[in-house]
Amino acid sequence: VVRSFVSLLSSVGWVLFFDKMFKKPFKVTATNMVKRSVKRNLVNQLKKEFPNLSDEEWQELLPAKQELMLCKVAGSHTIIYQINNIPYFIDVDGRQNFYPTVYCLWKFPKLMETRIVQPNAFSFLLRGADLFLPGVLVPDPSSPTFDGPYEWKKGKKLSVTLLLYGLPIAIGHSLVDDKDVDQMGMKGKGVKIIHYYRDHLWEMGDKTHPQDQEGWKMEKQWPGFEKYYSEFQSKDFDPDSNETDEKKDGEEDEKQEAGESSSEKKEKEEEGKEEEKEDRKEEEKEEGKEEE
């Protein structure tokens, strides 16, 4: 019964954390170095999920001889993979559900498909709001510079990039399909934001900024970027509707945060303590094996 109750608390805590992800501060309960064999398997999995990089680029991103650290996030099943104290990938639920971080995408923005947004959406994204469709610029498939792909598919992992700036500032997954967009137009939420520039996962790294990176407002790592996106059609963009929707979203988040009961907070604390105990037991077992 106790185990079932603890398991239930763990599930509730993870759902609450996943909804907010790194918008709030988090604690790391354990940090371990990933074995080389495990790292090779991990890199192979990442290559399959994000096939846009060559083997040489993957080697540059995650060097074989470089130590890869695994960090467990308290109160969740989330795992953070980092090199030199900089997070590069996260497994949001411990089930190989990988997302790159902004640090990773600043090195190789082509790792995942992106959505281009108007600059005035930037302030909302920095507050942790999800991306609303009115702020997304739609490419013109008839343009000679259009090279695709451009597809809305629920669950598809996407980055978010500001117009005329070549580096992503947020990462998430699509909440709509092409048919939803065709039926409803560019309205409502489009991308669930998992991680964004200046959130607490970003603070875990060296806190560099996109404008400090080599690819910011340049074409080196994303050839033809400015020419390509200068031909985006923005006729469906309505700044007022976008601002109103995102304000409502922010207000809803604030109400939800304010409405958290003290019992929920206690549950999170108990869950965190339980996980810390389990991690300590595992570490003691490993130390015992090494001594034997």
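Residues numbered from 1 in each chain as written. Predicted model: local features only at pLDDT ≥ 70, side-chain atom pairs only at ≥ 80, totals over all residues. Heavy atoms only, no water.

Labelled according to an unreviewed UniProt entry, the chain appears under the name Pre-PUA domain-containing protein, originating from Paramoeba aestuarina.

By size, the foremost hydrophobic cluster in this structure holds 60 residues, and its most contacted members are Trp58, Leu61, Tyr81, Phe89, Ile90 and Trp152. Sort the elements by how many residues they give to this core and helix H4 (residues 102-107) lands first, with five residues. When neighbours within four sequence positions are excluded, Tyr81 is seen to be in contact with Val34, Leu42, Leu68, Met69, Leu70, Ile86, Pro87, Tyr88, Phe89, Asp91 and Phe98. (Core = buried A, V, L, I, M, F, W, Y, C linked by side-chain atoms within 4.5 Å. Buried < 20%, exposed > 50% of the residue type's maximum accessible area, 1.4 Å probe, protein only. Helix = DSSP H or I, 4+ residues; strand = E, 2+ residues; numbered from the N terminus. Contact = heavy atoms within 4.5 Å.)

Mapping Gly135 onto the fold places it in the loop between strand E7 (131-132) and strand E8 (157-162). C-alpha of Gly135 to C-alpha of Lys189: the two residues are 54 residues apart in sequence and 9.9 Å apart in space.

Here we come to the pairing of strand E6 (residues 114-117). Burial along E6 is two-sided: the face carrying Thr114 and Ile116 and the face carrying Arg115 and Val117 are both buried. Here four bridges tie E6 to E8, and the two strands are oriented parallel to one another. Across the sheet, the residue bridging to Arg115 is Val160, located in E8. (Pairing = 2+ DSSP bridges.)

With 14 residues, helix H2 (residues 36-49) ought to run about 20 Å at 1.5 Å a step, and its terminal C-alpha atoms sit 20 Å apart, in line with that. Among the residues making up H2, those that are buried are Lys39, Leu42, Val43 and Leu46. Angular distribution of buried residues about the axis of H2 spans 100°; they occupy a single face of the element. Exposed and oriented more than 90 degrees from the buried face of H2 are Arg40 and Lys48. Against helix H3 (55-61), strand E3 (79-83), strand E4 (86-91) and strand E5 (98-100) lie the buried residues of H2. (Expected span 1.5 Å × (residues − 1). Arc of directions from axis to C-beta.)

With that settled, the discussion passes to the confidence of the model for the chain. Here the chain averages 78 in pLDDT, while 64% of its residues score no lower than 70. Within the chain, no element has a lower average pLDDT than helix H1 (residues 2-20), which sits at 45, and none a higher one than E5, at 98. Every residue in residues 218-246 is under pLDDT 50, and counting partners more than four places away or in other chains gives 65 contacts. (pLDDT = per-residue confidence, 0-100.)

What follows covers the pairing of strand E2 (residues 69-73). Where burial is concerned, most of E2 is hidden: four out of the five residues are buried. Relative to E2, strand E1 (residues 28-33) runs antiparallel, the two sharing five bridges. Across the sheet, residue Val28 finds its bridge partner in E2, namely Val73. With four bridges joining them, E2 and E3 adopt antiparallel strand pairing. Residue pairing across strands places Met69 opposite Gln82, the latter belonging to E3.

So, about the environment of Lys107. In this structure, Lys107 sits in helix H4. Under the relative-accessibility criterion, Lys107 is labelled partly exposed at 34%. Within the structure, Lys107 has its side chain in polar contact with the side chain of Tyr88 (distance 3.2 Å). (Polar contact = N/O pair within 3.5 Å; in protein donor to acceptor, adjacent residues only side chain to side chain.)

This part covers the sheet that holds E5. Taken in spatial order, the five strands line up as E1-E2-E3-E4-E5 in an open sheet, and their pairing is antiparallel. In the strand order of this sheet, the two ends are held by E1 and E5, each with one partner. Sheet twist, expressed as the average angle between the axes of neighbouring strands with direction ignored, equals 25°. Of the strands in this sheet, E3, E4 and E5 touch H2, which is tilted by about 80° from E5. (Axes fitted to C-alpha atoms, helices over the stretch in contact; angles between N-to-C directions.)

Throughout the structure, instances matching the rule amount to nine aromatic pairs. Judged by centre distance (5.5 Å) and plane angle (80°), the rings of Tyr197 and Trp202 are edge-to-face. Given the relative accessible area of 3%, Tyr197 is considered buried. Pairwise contacts between aromatic rings join Tyr103, Trp106, Phe122, Tyr197 and Trp202 into one cluster. In this arrangement the basic side chain of Arg115 is found over the ring face of Tyr150, its NZ or CZ atom lying 4.2 Å from the centre. Over the ring of Tyr99 we find Lys157; its NZ or CZ atom is 4.6 Å from the centre of that ring. (Phe/Tyr/Trp six-rings, centres within 6.5 Å; stacked < 30°, edge-to-face > 60°. Lys NZ or Arg CZ within 6 Å of the ring centre and 35° of its normal.)

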